[in-house]
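Below, each chain spelled out in residue letters.
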Amino acid sequence: MHPTATSPRQTQSFLIQRFAEAGIHLETRHGQNFLIDLNLLDLLVRSARLEPHDVVLEVGTGLGSLASRIAPLVAAVVTVEIDRRLFAMAEEELASFANVTMLHQDALKNKNTIHPAVQGAVREQVAAHPGSQFKLVANLPYNIATPILSNLLTADPLPVSLTATIQKELADRIVARPGTKDYSALSIWMQALCAVEIVRELGPQVFWPRPKVNSAIIHVVPNPAKWALVGDVKFFHDFVRGLFLHRRKFLRGVLVGQSREQLDKATIDDILAPFELSTDARAEQLEVKILIALAEAVRHRLNCS
Ligand code: SAM
């Protein structure tokens, strides 16, 4: 095993010294908060339940501390870093790992798409390791945590799990139950397709520099059987986002507004009738499975109209 896989490198004093030597000031806009509690870095890795045949994507290489822990455990790691200075430092750290592919770029092409170069590098590694499973393991930069998690659910290949530290407020939204203030389009999107779980809540003190908010380790397991239930995943995504643009409005009114061009009020009432909802029902009160069924009912009517 490589020495950095066990040595306690990423402490606060280590980071302060490394960045001072390199003359680097960290950028909050890039979510550059490093996990300095090494037990938690290990917990993040353990929570991913890695296997020797896995191909792991890490978004945000930083200095390579997480990648160097993961590399000895799996077939291949693809790690991507936007900051040229950190990329150069991580190159030194990770040079001895033949199974690590480093990419210097934005992990996202835009807020709706993982960068094709990242998807391409993952696809290449999956093809090079027959029988491998693709997993995301990352201490995600806060500013791109939502699009990374959300867009990976429509990526090819689809990850078998996503294990990441993210801001606690986002983790709460992902696991939120109907009728709570955190229940949102993101909760429904993620829960419709995956099993979601908060593994551990993390205070700001376990990162350096300290972020202003709490964080959490989240473990997400996409379930291909759920894709079949959802039907048209893209339609479902847009449908739910549309409903939650007006979360305080009654569901019937939102549906009438959303489909005004194609479905009349009588058709909307016809679609809603089997659900036996009260006239003042709102999307934010409905279980994920009801919203899936409703989206499918609307989609079928649109296809027939
Ligand atoms: N993985 C390292 C660790 O655990 O110590 C660093 C994690 S740090 C929270 C997030 C890293 O993501 C930073 O190094 C930052 O520069 C990088 N980053 C921020 N935005 C990015 C983007 N759009 N694409 C790729 N990397 C990004």
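Note that the structure is a prediction, hence the values are computed from the model and not measured. (Residues numbered from 1 in each chain as written. Predicted model: local features only at pLDDT ≥ 70, side-chain atom pairs only at ≥ 80, totals over all residues. Heavy atoms only, no water.)

(A) Geometry of the site of the ligand. Taken together, the neighbourhood of the ligand is formed by 21 residues, with Gln10, Gln32, Gly60, Glu81 and Asp106 sitting nearest. Taking Gly60, its main chain carries an N or O atom lying 2.7 Å from a nitrogen atom of the ligand. At a separation of 3.4 Å, an oxygen atom of the ligand approaches a polar backbone atom of Gly62. Look at the ligand: alone it shows 600 Å² of surface, and the protein chains cover 99% of it. Across the shell around the ligand, the residue classes break down as 7 nonpolar, 10 polar and 4 charged. (Near = heavy atom within 4 Å. Polar contact = N/O pair within 3.5 Å; in protein donor to acceptor, adjacent residues only side chain to side chain. Areas by Shrake-Rupley, 256 points an atom, 1.4 Å probe, with all protein chains shown as cover. Nonpolar A, V, L, I, M, F, W, Y, C, P; charged D, E, K, R; others polar.)

(B) The domain arrangement of the protein, seen in detail. What the domain assignment lists for the protein is domain 1 (12–224) and domain 2 (231–304). Centre-to-centre, using C-alpha coordinates, domain 1 lies 34 Å away from domain 2. On the side of domain 2, 15 residues touch domain 1, which itself brings 17 residues to the contact. Taking both sides of the interface into account, the surface hidden between domain 1 and domain 2 amounts to around 1,200 Å²; carbon and sulfur atoms contribute 67%. When the buried surface of domain 1 facing domain 2 is broken down by residue, Tyr183, Ile188 and Trp189 rank first, second and third, together holding 44% of it. Counting across the domain 1 and domain 2 interface gives 1 salt bridge. Residues Arg177 and Glu287 are paired through a salt bridge, measuring 3.3 Å at the closest nitrogen-oxygen approach. On the surface where domain 1 and domain 2 come into contact, there are 5 residue pairs in polar contact (both at pLDDT 80 or more). With 6 residues, the top contributor of residues to the side of domain 1 that touches domain 2 is helix H8 (residues 185–193). (Domains from an automatic or database assignment. Contact = heavy atoms within 4.5 Å. Buried area = accessible area lost by both parts, 1.4 Å probe. Salt bridge = Lys/Arg side-chain N within 4 Å of Asp/Glu carboxyl O. Helix = DSSP H or I, 4+ residues; strand = E, 2+ residues; numbered from the N terminus.)

(C) Looking closely at the pairing of strand S2 (residues 54–59). Counting buried residues in S2 gives 6 out of 6 residues, a clear majority hidden from the surface. Taking every second residue as pointing to the same face, both faces of S2 are buried, with Asp54, Val56 and Glu58 on one and Val55, Leu57 and Val59 on the other. As judged from the 4 bridges shared by S2 and strand S7 (residues 133–139), these two strands associate in the parallel manner. When the bridges of S7 are listed, Val56 appears paired with Lys135. Here S2 pairs with strand S3 (residues 76–81) via 5 bridges, running parallel. (Buried < 20%, exposed > 50% of the residue type's maximum accessible area, 1.4 Å probe, protein only. Pairing = 2+ DSSP bridges.)

(D) Local environment of helix H1 (residues 12–22). Among all positions in H1, only Phe14, Leu15, Arg18 and Phe19 are buried. The buried residues of H1 all sit within an arc of 115 degrees when viewed along its axis, so they share a single face. In H1, the exposed positions angled more than 90 degrees off the buried face are occupied by Ser13, Ala20 and Glu21. Packing partners of the buried residues in H1 comprise strand S1 (34–35), helix H4 (84–94) and strand S10 (207–208). Just downstream of H1 lies Gly23, where phi reads positive at about 65 degrees. (Arc of directions from axis to C-beta.)

(E) Here's a closer look at unusual backbone geometry. The residue after Asp156, namely Pro157, is reached through a cis peptide bond having omega 0 degrees. Turning to its location among the elements, Pro157 is positioned in the loop between helix H6 (145–152) and strand S8 (161–167). Omega for the bond connecting Trp208 with Pro209 falls within 30 degrees of zero, at -15 degrees, which places this linkage in the cis form. Along the chain, the position of Pro209 falls in the loop between S10 and strand S11 (215–222). Phi angles above zero are rare outside glycine, and Arg49 is one such case at about 45 degrees. Residue position: Arg49 is located in the loop between helix H2 (38–47) and S2. Not every positive phi belongs to a glycine, and Glu276 is a case in point at roughly 50 degrees. Locating Glu276 in the fold gives a position in the loop between helix H12 (265–272) and helix H13 (288–304).

(F) How the structure looks around H13. For H13, with 17 residues, the first-to-last C-alpha span of 24 Å sits near the 24 Å given by 1.5 Å per residue. Those residues of H13 that are buried lie in contact with H8, helix H9 (224–230), helix H10 (233–244), helix H11 (251–258) and H12. (Expected span 1.5 Å × (residues − 1).)

(G) Quick look at the pattern of salt bridges. This structure, assessed with the given rule, holds 16 salt bridges. The partner of Asp42 in a salt bridge is Arg69, and the shortest N-O contact between them spans 2.8 Å. Of the two residues, Asp42 sits in helix H2 while Arg69 sits in helix H3 (residues 65–70), which places them 27 residues apart along the sequence. Residue classification places Arg69 among the buried residues on the basis of a relative accessible area of 8%. In this structure, Glu284 engages Arg247 in a salt bridge whose closest nitrogen and oxygen atoms are separated by 2.9 Å. Of this pair, Glu284 sits in the loop between H12 and H13 while Arg247 sits in the loop between H10 and H11, and the two are 37 residues apart along the sequence. Take Arg247: its relative accessible area is 22%, and that puts it in the partly exposed class. Shared partners join several salt bridges into a network, and the residues in it are Glu27, Arg29, Asp83 and Arg85.

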